[in-house]
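Here is what each chain is made of, one letter per residue.
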Amino acid sequence: MFLRRGLLFFVAIFVVVLLGAASWWVQVRVKTRIQVRTGKTLSSVLAATNQGFHTWVGEQQSAALVWAGTPEVRRLTGELLLFQNAPDSLKNSPAQAVLRAWYEPIAKVRGYRGFFVIAPGNINLASSRDTNIGENSLLAEQEEFLLKILLGRTALSHPQPSEVPLQDSKGNFVAGLPTMFVGAPIKNERGDVIAALAFRVDPLVDFAEIFKRGRIASTGEAYAFDEKGRLLSESRFDPQLSSVGIIPPGVSSIFNVEIRDPGVNLIAGEKGATPKKSRPLTWMAKHAVTGKAGVGLEPYRDYRGVPVVGAWLWDGDHGIGIAVEEDASGAYSILYLAQKIIVVSTGVLMFLFVGLVGMFSKFLTVYSDAEKRQATERILRESELRFRSLFESAMDAFITIDEQGRIGLFNSAAEQMFGYAGSEVIGKNVNMLMPSPYYEEHDGYLQNYFRTGEKRSIGLIRAVEGLRKNGEKFPMELSIGENFIEGKRYFSGLIRDITERHEIDRMKSEFISVVSHEIRTPLTSLRGSLGLLQGGVAGDMKPEGMQLLDIAVNNSERLIRLINDILDLEKIESGTMELRMARVSVRKLVT
């Protein structure tokens, strides 16, 4: 008796360890695959966002360079340089009035919110306002910006608080609103830089929109930050940041939030956050400011303390970092569901096996028939209670059926999902939870499986439709398992409602359709027309006109490439991108 009980105990431990090891191995494989897919998505969105940023910067700098190179600006700047040490003379100079009149139509077309002409000594020679003429330029705080221009290059400043009240989206003039500048050198006839021309740009318009387009699903965002970790674009989570006291209500997150780790999840209400002055840069930002690009697939805390995954890069030419992040709960929702399925399935098997081993062990120690029956009943009740506790606490719907398709178990999550009470469905055919054609085909599928052994759904995660009690159809993910208990075959189904995911996929498809048909087609026609003008179909053009035409052609081609990149990303994600392998000469590629 003792030897048999010892052998039984050894077998039980071996099987439990084996089940645990198998569960761990499967989870590692699933996690690896999902992380690889997530990393590709994050990297693709990061590349598209970075391309959009560089396209916008190039267009802004090209426009500034054209305006700074006009003979009228060069002449008027030369006149103003004669009075650079006399603020009153600068304000009253006829050249000042002419420059402002010249600027007005440009501002309406380009959406500029002001302009400056800045002398090499950082003195404002001209401006759209009298208050700062003859004063030191606000842009002197960004020395690298002015230095680039005075060395003959175009430049784009970081967003910064405005030195004067600006009009907000409601029409009110508010102090400290975000502003940024694009500038180009003004050269004399010999090609020497005599001043800098800078236009005030609203970062809440085009600059912010670039990063809004990089927002993934409902919890992802793309943003820019500087070497100190200050946020340079608008956060997607301003309401959350306001609710936990990171920013005051109604204040923009631009340069009012730093990409620093609070140590706890502030959004979840966790206590014990690190004081703001002592918070380190987030794990992502700490790597980015050193100039390193990367992808973080193990969750780390963002500036809200929320676990996220992300991809990032550092743009040394413009001194900013660009990051794309998504809440780990959203990026790994499928992973967490798969882990639940694996853990629940393993747990059920372990409980059943341990229960059977315990029941058999008890049976060996009982000698009378009455004692054997009592012990068996007690073990079964305990096993059932353990199973019921696990079964009813599952977050996803769990249903079992027998070989005739009759429902045996129907947990609380299933009741909430389908709208039926357990007493209404137990003992009835499971096809009552299916719309057509699944309703008519289900029994035939069971019979075909019993006859041929062909598995169409068992062991897989499939997207199908369910039918609620009120007649409403809904999309769901279904994972079916098969097991035998006391020689009888049972099927178990783990179900998850994916209505929200389908809606997100539909919105994404509509966006791709609009980009493909409503934007790319007219843009291609526009590029063709510009090409005809370049070819001289409308006759010869003046050099200034040809220069503007070249800018238009280059930027239209950039937009076409950007749209094609977006469509390529969709093909990659959907698995329809066709790749062809071919031998090529390395010498030809590099020469």
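Since this is a predicted model, take the numbers as computed values, not measurements. (Residues numbered from 1 in each chain as written. Predicted model: local features only at pLDDT ≥ 70, side-chain atom pairs only at ≥ 80, totals over all residues. Heavy atoms only, no water.)

Engineer: I keep staring at the overall build of the chain and nothing clicks. Help me out?
Structural biologist: In terms of regular secondary structure, the chain is built from 17 helices and 17 strands. Its C-alpha atoms give the chain a radius of gyration of 34 Å, clearly above 25 Å, the size a compact globule of 591 residues would have. Projected onto its principal axes, the C-alpha coordinates of the chain cover approximately 115 × 60 × 55 Å. The contacts in the chain between residues at least 6 apart in sequence include a share of 54% that link residues at least 24 apart. Working note: accessible area of the chain is about 32,200 Å², and carbon and sulfur atoms make up 57% of it. Put simply, the chain has 69 plus and 67 minus side-chain charges, and the middle of one group is 5 Å from the middle of the other. (Helix = DSSP H or I, 4+ residues; strand = E, 2+ residues; numbered from the N terminus. Rg over C-alpha atoms; globule rule 2.2 N^0.38 Å. Contact = heavy atoms within 4.5 Å. Areas by Shrake-Rupley, 256 points an atom, 1.4 Å probe, with all protein chains shown as cover. Lys, Arg positive; Asp, Glu negative; His and termini not counted. Charge placed at Lys NZ, Arg CZ, Asp CG, Glu CD.)

Engineer: Quick question: what am I supposed to make of the pairing of strand 1 (residues 115-118) here?
Structural biologist: Successive side chains on a regular strand alternate, one facing one side of the sheet and the next facing the other. Of the two faces of strand 1, both are covered, the one formed by Phe115 and Val117 as well as the one formed by Phe116 and Ile118. Two strands pair when backbone bridges link them, and strand 1 and strand 8 (residues 193-201) are joined in this way by four bridges, in the antiparallel orientation. Bridge pairing in strand 8 links Val117 to Leu197. Inspection of the sheet shows strand 1 paired to strand 2 (residues 124-127) by three bridges, in the antiparallel sense. Along strand 2, the bridge assignment pairs Phe116 with Ser127. Taking the residues that link successive antiparallel strands as the turn, the strand 1-strand 2 hairpin has five residues, and the phi of Asn122 there is positive, at about 70°. (Buried < 20%, exposed > 50% of the residue type's maximum accessible area, 1.4 Å probe, protein only. Pairing = 2+ DSSP bridges.)

Engineer: What's the story with the environment of Gly58 in this structure? I'm lost.
Structural biologist: Note that Gly58 resides in helix 1 (residues 2-68). Assessed through its relative accessible area of 14%, Gly58 is described here as buried. It is 9.5 Å that separates the C-alpha atoms of Gly58 and Leu156, two residues lying 98 residues apart in sequence.

Engineer: Looking at this structure, I do not really get the pattern of salt bridges. What am I missing?
Structural biologist: Going through the model one piece at a time under the given rule, you end up with 19 salt bridges. Ionic pairing is found between Arg260 and Glu258, a salt bridge with its closest N-O pair at 2.6 Å. Looking at Glu258, the relative accessible area reads 39%, which means it is partly exposed. A salt bridge links Arg304 to Asp327; its shortest N-O distance comes to 2.8 Å. Separated by 23 residues along the polypeptide, Arg304 in the loop between strand 10 (294-301) and strand 11 (307-315) and Asp327 in strand 12 (residues 320-327) bring together distant segments of the chain. (Salt bridge = Lys/Arg side-chain N within 4 Å of Asp/Glu carboxyl O.)

Engineer: Would you mind going over the sheet that holds strand 16 (residues 473-485) with me for this structure?
Structural biologist: Note on sheets: strands pair through backbone hydrogen bonds, and any given pair is parallel or antiparallel. Read across the sheet, five strands follow the order 14-13-17-16-15 without closing on themselves; strand pairing throughout is antiparallel. Edge strands, defined here as strands with exactly one partner in the open sheet, are strand 14 (407-410) and strand 15 (461-467). Each adjacent strand pair in this sheet contributes to an overall mean axis angle of 35°, direction not counted. The strands touched by helix 14 (residues 438-452) are strand 13 (397-401), strand 15, strand 16 and strand 17 (488-497); relative to strand 17, the strand with the most contacts, the crossing angle is about 140°. (Axes fitted to C-alpha atoms, helices over the stretch in contact; angles between N-to-C directions.)

Engineer: How should I be thinking about the sheet that holds strand 9 (residues 220-225) in this particular structure?
Structural biologist: Pairing is antiparallel across the open sheet formed by four strands, whose spatial order is 9-12-11-10. Unpaired on one side and paired on the other, strand 9 and strand 10 mark the two borders of the sheet. Averaged over all neighbouring strand pairs, the angle between strand axes comes to 25°, with direction disregarded.

Engineer: What's the story with the nonpolar core in this structure? I'm lost.
Structural biologist: In summary, soluble globular proteins display a tendency toward joint burial of nonpolar side chains. Counting residues in hydrophobic clusters, the biggest one holds 53 residues, and the most contacted among them are Phe53, Tyr112, Val117 and Phe199. The contacts of Phe53, once residues within four sequence positions are left out, are Leu156, Phe207, Ile210, Phe211, Asp315, His318, Ile320 and Ile322. Core analysis: the next-biggest nonpolar cluster, separate from the first, contains 24 residues, Ala397, Val430, Val464 and Phe491 among them. (Core = buried A, V, L, I, M, F, W, Y, C linked by side-chain atoms within 4.5 Å.)

Engineer: Whenever I open this one, a nonpolar patch on the surface confuses me. Can you help?
Structural biologist: Nonpolar side chains collect at one region of the surface, where Leu7, Phe10, Val11, Phe14 and Leu18 lie side by side and expose about 530 Å² of accessible area between them. For Phe14, the location among the structural elements is in helix 1. For Phe14, a relative accessible area of 52% puts it in the exposed group. (Patch = residues over 30% accessible without salt bridge, like charges linked within 9 Å, V, L, I, M, F, W, Y side chains within 5 Å.)

Engineer: Looking at this model, I keep getting lost on helix 2 (residues 71-81). Mind explaining?
Structural biologist: Structural remark: α-helix, 3.6 residues per turn; residues separated by three or four positions point the same way. Along helix 2, the residues that are buried comprise Val73, Leu76, Thr77 and Leu80. Seen from one end, helix 2 has its buried residues packed into an arc of 105°, which puts them on one side. (Arc of directions from axis to C-beta.)

Engineer: What should I look at first to understand unusual backbone geometry in this one?
Structural biologist: Negative phi is the rule for most residues except glycine; trans is the rule for most peptide bonds. A cis amide bond, omega 5°, links Ser436 with the succeeding residue Pro437. As for its placement among the helices and strands, Pro437 is situated in the loop between helix 13 (422-425) and helix 14. The phi angle at Asn122 is positive, at roughly 70°, despite the residue not being glycine. With respect to the helices and strands, Asn122 occurs in the loop between strand 1 and strand 2.

Engineer: Looking at this structure, how should I read the packing of helix 2 against helix 4 (residues 94-110)?
Structural biologist: Pairs of packed helices are described in terms of their axes, by the angle between the two and the distance that separates them. Between helix 2 and helix 4, the shortest axis-to-axis distance is 9 Å and the interhelical angle comes to 150°. Taken together, the axes of helix 2 and helix 4 lie roughly antiparallel to each other. Our pair here, helix 2 against helix 4, has a crossing hand that is left-handed. Here Glu72, Val73, Leu76, Glu79 and Leu80 of helix 2 come into contact with helix 4, specifically with Ala95, Gln96, Val98, Leu99 and Trp102. Class assignment of the residues belonging to the contact of helix 2 with helix 4 gives a composition of seven nonpolar, one polar and two charged. (Parallel < 35°, antiparallel > 145°, perpendicular 65-115°, else oblique. Left-handed = near helix turned anticlockwise from the far one by under 90°. Nonpolar A, V, L, I, M, F, W, Y, C, P; charged D, E, K, R; others polar.)

Engineer: Can you help me understand the pairing of strand 16 in this one?
Structural biologist: Strand direction decides the pairing type here: strand 15 and strand 16, joined by seven bridges, are antiparallel. Counted as the bridge partner of Leu467 is Lys473 from strand 16. Count of turn residues in the strand 15/strand 16 antiparallel hairpin: five residues, of which Gly471 carries a positive phi of about 90°. Summarising the sheet, strand 16 and strand 17 pair through 10 bridges and their orientation is antiparallel. Across the sheet, Glu482 pairs through a bridge with Phe491, a residue of strand 17. Taking the residues between adjacent antiparallel strands as the criterion, strand 16 and strand 17 are bridged by two residues, where Glu486 takes a positive phi near 55°.

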